[in-house]
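Chain residues, written in single-letter form:
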Amino acid sequence: MEFDNKNQEILEKNKDKETIFSRFEKQQPSCNFGEIGSCCRICIMGPCRVSPTDYSKVGVCGARAYTIVSRGIIRAIAAGCAAHSGHGKELALALLEISENSKNQEQHAHNNSKHHHSCYQITDKTKLKKLALKLGIKEDPKELALAALKDFSKYDKQPLLWLSKHLNKERIKLFTRYGVLPENIEGTISEVLHRTHVGTDAEPINILFGGIKCSLSDLAGEHISTDISDVLFGTPRPCISEANLGVLKEDHVNIAVHGHTPLLSEAVVKVAKEMNEQAKAVGAKGINVVGICCTGNELMMRKGVPLATNFASQELAIMTNVLDAIVVDVQCIMPGFASLSQCYHTRFITTMPISKIPTAYHIEFNQKNVLESAQLIIQQGILAFKERRGIPFIPKVKNKVIAGFSLEALQELIGEKLELLVEYIKSGKIKGVVCFAGCNNPKTCQDLSHVSIAKELAKNNILIVATGCAAGAFAKHGLMNEDAQKYAGAGLKEFLKALTTKTKQDLPLIFHMGSCVDNSRVSDFIILLAKSFNIDISELPVVFTAPEPMSEKAIAIATWFLSLGIPSHIGVMPPVKGSSLVYDVLTNTARDVYGGYFIFETDYKKATKILLDAIEERRFKLELS
Ligand code: BF8
């Protein structure tokens, strides 16, 4: 991790401590069979290791490499889908409870009793109205919650409501023809586990189509997460914030929120404001809430809360000696982070029944005790402030961020039908759009691929939108503010300037569209763009890239981008090299069926060229100069 000098310094000061980077080194060399995906652990007759070059070799059950590799990759898609959809289902259940409670409240208005959800309310009625109209349901929070819950587990044969109402007609037709339009999100996940059980599906193409179907369920689960979060907490609009470890404050109680679901983090932010006096009583100037990973993105997008770090450097936040509490919910929280907190004064607090970590404090956070548990969490941070030991070391690095670009915000900026962008793409002043997403991975130098690819694309007049830890990388490294427009080519610069003049607000080089589930905003964005061009998505000069992915969620996202017809770059090799057949289907044949295909390229310079070429090829086919 030499790219980020300031953060490198903190790592060097703590080189006796174990981090993701040292643990990664200790794991080398990694097992080749695992790396190429030809190690099968599906049943307990194995594990079987199958050589991709020796066709006489099969697993104990007779499964060939192509079966083993394809089963493995679609199980990853199912796990990613389960995580995103679990997030969405939790929000749907919360919305249901909130809407029922508010009805009870109306009925008992004369009674002054306290209600559990005083922390949550319907914040964005316009979004609720818009969604109800789009989904064809009554404009009522309970109806929205029930419609979402139905998509998770209904039994009829109708396609998912969230897909049938959001996808364009060309894609619906295509997915119906290939039998990959899902009817039930949880059913699709369970179908993947069923078909990949020993002795079930052995036909690689059939298996991979099952993966496509599951990735579309993933898209629906993400969409539900985004939509309900917007209804409850507000649809993001441009806001100003900061990012990188320099957002921590030596004289404040610093509380980091980390994970994914905004239910917890929104409550912590709200309660922290009310507990500033308690922090002052222990000698702090107040409470400073910061975000890590996607929770950080959610809070930055809606509330302008600063982002301390993205995935790979999460443990570095603790090494500053000023992080008093870290509160986590689900996903992307390294267990090593909790172990590391034992060496510092920091309280590491888990909150979810399905996500406990040895050595961490556990303060259960559920719908019944939202405010109380947020208070308990913050009290732990205040207590820990008094126990600080170690010399504070906050790297003097932070950058201004202009975030908050929901699709609604982009439409207000660019036009209801993105007219200005269409005009610039047609004229060639903007060549196309690249959608960045995904994580960090210690197999790459942290953030280097994200930042290097983005700068080169911007220079070549590509408009960039980003989510997840890719957005975190850009925020940390100063690519999400007006100064970064210096990296833009002339056409992109002109476009950004036109928007700035029109709206009289500073704009960033790269548009932050949110957390990983907010890739649903990106899908709506490209579907709208295709409609405005009057073409299918598979013809658009748009590509997707996850330059540093590590999670199964990133695989799921990259797969549905492919199925929407978008070339989908992955910058860390997933375990598919064990079968040349599977590799070829993903990188070539997929294109004939869906229009999208995977680009596996770990060298960021080569990847940039491939992405630019893919856009050029599509422009050529559209007869754009
Ligand atoms: O969901 S980008 S490391 S934090 S998996 Fe995780 Fe990857 Fe970050 Fe958000 Ni997404």
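Treat the numbers as computed from the prediction; the structure is a model and nothing was measured. Note on numbering: residues in each chain are counted from 1, in written sequence order. Per-residue local features are limited, in this predicted model, to residues with pLDDT of at least 70; the limit for side-chain atom pairs, both in listing and counting, is 80 or more; totals at the level of whole chains, interfaces and linings are taken over all residues. Here the side-chain values reflect all heavy atoms present in the structure, with hydrogen atoms and water set aside.

Enquirer: So what about the coordination of the nickel atom of the ligand? Which residues, and what values?
Expert: Water is not part of the atom set, so a site may look incomplete; the donors themselves are N, O and S atoms within 2.8 Å of the metal, or 3.2 Å for Na, K and Ca. Counting protein donors to the nickel atom of the ligand gives just one, C516 (SG), placed at 2.2 Å. Angular criteria define each label, namely tetrahedral for four donors with all angles between 85 and 135 degrees, square planar for four and octahedral for six donors with opposite donors over 155 degrees apart and remaining angles between 65 and 115, and irregular for whatever fails these tests. The coordination sphere of the nickel atom of the ligand comprises 4 donor atoms, whose angles at the metal cover 93 to 153 degrees; the geometry is irregular. Its location among the elements puts C516 in the loop between strand 13 (510–514) and helix 21 (519–533). Numbering of helices and strands runs from the N terminus; a helix is a DSSP stretch of H or I covering at least four residues, while a strand is a stretch of E covering at least two.

Enquirer: Can you tell me about the pattern of salt bridges, naming the residues and giving the values?
Expert: Any Lys or Arg side-chain nitrogen located within 4 Å of an Asp or Glu carboxyl oxygen qualifies as a salt bridge. Counted by the stated rule, this structure contains 35 salt bridges. In this structure, R237 engages E412 in a salt bridge whose closest nitrogen and oxygen atoms are separated by 2.9 Å. Of this pair, R237 sits in the loop between helix 10 (204–233) and strand 3 (239–243) while E412 sits in helix 16 (residues 407–414), and the two are 175 residues apart along the sequence. A network of salt bridges, in which partner residues are shared, links K127, K130, D227, D230, E298, R302, E408, D518 and R521.

Enquirer: I'd like a description of the packing of helix 17 (residues 419–427) against helix 20 (residues 490–503), backed by residues and values.
Expert: To define axes, lines are fitted to C-alpha atoms, for helices over the stretch in contact only, and angles between the resulting N-to-C directions are given on a 0 to 180 degree scale. Here helix 17 crosses helix 20 at 160 degrees, and the two axes come no closer than 11 Å. Here helix 17 lies roughly antiparallel to helix 20, going by the angle between them. In this structure, helix 17 meets helix 20 at a crossing whose hand is right-handed. Within the contact between the two elements, helix 17 uses L420, L421 and Y424 and helix 20 uses G491, E494, F495, A498 and L499. Gly falls in the polar group here, along with every residue not listed as nonpolar (Ala, Val, Leu, Ile, Met, Phe, Trp, Tyr, Cys, Pro) or charged (Asp, Glu, Lys, Arg). Class assignment of the residues belonging to the contact of helix 17 with helix 20 gives a composition of 6 nonpolar, 1 polar and 1 charged. The scheme is simple: roughly parallel for angles under 35 degrees, roughly antiparallel for over 145, roughly perpendicular for 65 to 115, oblique for anything else. In this scheme the handedness of a crossing depends on how the near helix is turned from the far one: anticlockwise by less than a right angle means left-handed, clockwise means right-handed. The contact criterion used is simple: two residues touch if any of their non-hydrogen atoms lie within 4.5 Å.

Enquirer: Which residues make up the sheet that holds strand 13, and what are the values?
Expert: Any two strands are treated as partners once DSSP identifies two or more bridges connecting them. What the 6 strands build is an open sheet, ordered 13-12-11-14-15-16; its pairing is parallel. Edge positions in the sheet fall to strand 13 and strand 16 (598–600), since each has one partner strand and no second. The sheet shows a mean angle of 25 degrees between the axes of neighbouring strands, direction not considered. By the bridge criterion, 3 bridges tie strand 14 (residues 542–546) to strand 15 (residues 568–570) in an arrangement that is parallel. Bridge pairing in strand 15 places A546 opposite I570. Across the face of the sheet, helix 19 (residues 468–476) comes into contact with strand 11 (432–436), strand 12 (462–467) and strand 13 while running at roughly 115 degrees to strand 12. Sitting on the sheet, helix 22 (residues 552–563) is in contact with strand 11, strand 14, strand 15 and strand 16, with an inclination near 155 degrees to strand 15.

Enquirer: Talk me through unusual backbone geometry; I want residue IDs and the actual numbers.
Expert: For the bond from Q28 to P29, the omega torsion is -5 degrees, close enough to zero to count as cis. Examined against the element boundaries, P29 turns out to sit in the loop between helix 2 (20–26) and helix 3 (32–36). One non-glycine residue with positive phi stands out, namely C332, at about 70 degrees. Tracing the backbone through its elements, the reader meets C332 in the loop between strand 7 (323–328) and helix 14 (335–341). At N534, a position not held by glycine, the phi torsion is positive, near 60 degrees. With relative accessibility at 70%, the residue N534 sits in the exposed group. Classification of residues uses two cut-offs on accessible area relative to the type maximum, computed with a 1.4 Å probe and protein chains only: under 20% is buried, over 50% is exposed, and between them is partly exposed.

Enquirer: Tell me about the packing of helix 10 against helix 11 (residues 262–274), residues and numbers included.
Expert: Helix-helix packing: each pair is described by the crossing angle between the helix axes and the interaxial distance. It is the contact of helix 10 with helix 11, at a shortest axis distance of 11 Å, that shows an interaxial angle of 20 degrees. Judged by the inter-axis angle, helix 10 sits roughly parallel to helix 11. Classified by chirality, the crossing of helix 11 by helix 10 is right-handed. Note on element contacts: helix 11 touches helix 10 through P262, L263 and E266, opposite S229, L232 and F233.

Enquirer: Explain the layout of surface pockets to me, and be specific about the residues and the numbers.
Expert: The way it works is a 1 Å grid over only the protein atoms, where trapped points that fit a 1.4 Å probe form a cavity and open points with protein on both sides within 12 Å along at least five of seven lines form a pocket, and then any residue with an atom within 4 Å of a point lines it. Grid points are joined across faces, edges and corners, and a volume is the space filled by probe spheres set on the points. What the largest pocket holds in volume is close to 1,200 Å³. What lines the largest pocket is a set of 40 residues, and nearest its centre among them are G34, A76, M550, E552 and P575. Of all the secondary structure elements, the ones that give two or more residues to the lining of the largest pocket are helix 2, helix 3, strand 1 (39–40), helix 4 (65–107) and helix 22. In terms of residues, the lining of the largest pocket owes the most to one element, helix 4, which gives 9 residues. Looking at side-chain class alone, the lining of the largest pocket contains 22 nonpolar, 11 polar and 7 charged residues.

Enquirer: Residue-level account of the nonpolar core, with values.
Expert: Membership of the largest hydrophobic core comes to 172 residues, with the highest contact counts inside it found for I287, L421, F436, F495, F525, I526 and L529. Per-element tally for this core: the top contributor is helix 10, with 13 residues. Among all residues touching L421, those that are not within four sequence positions of it are I414, I430, V433, L463, F495, F525 and L529. The definition of a nonpolar core used throughout is a set of buried Ala, Val, Leu, Ile, Met, Phe, Trp, Tyr and Cys residues joined through side-chain atoms within 4.5 Å. I10, V247, V328 and I357 belong to the second-largest nonpolar core, a separate cluster that totals 33 residues.

Enquirer: An account of the packing of aromatic side chains is requested, with residue identities and associated values reported.
Expert: The rule is short: rings of Phe, Tyr and Trp, with Trp giving its six-membered ring, pair when the centres are within 6.5 Å, and they are stacked under 30 degrees, edge-to-face over 60, tilted in between. Applying the stated criterion across every chain, the model contains 13 aromatic pairs. Between F436 and F474, the ring centres sit 5.1 Å apart and the planes meet at 80 degrees, which makes this aromatic pair edge-to-face. You can see F436 sitting in strand 11 and its partner F474 sitting in helix 19, a full 38 residues away along the chain. Like F474, F436 is buried. With centroids separated by 5.5 Å and ring planes inclined at 50 degrees, the aromatic side chains of Y583 and F600 adopt a geometry described as tilted. With Y583 in helix 23 (residues 580–594) and F600 in strand 16, the pair connects residues that are 17 residues apart, well separated along the chain. Classification of Y583 as partly exposed rests on a relative accessible area of 26%. Among the aromatic residues, ring-to-ring pairing joins F175, Y178, F209 and Y594 into one connected group. Two conditions define a charge located above a ring, namely a distance within 6 Å from the ring centre to NZ of Lys or CZ of Arg, and an angle within 35 degrees of the ring normal. Stacked on the ring of F33, the Lys or Arg R49 has its end atom at 5.6 Å from the ring centre. Its end group placed over the ring of Y424, K429 keeps NZ or CZ at 5.5 Å from the ring centre.

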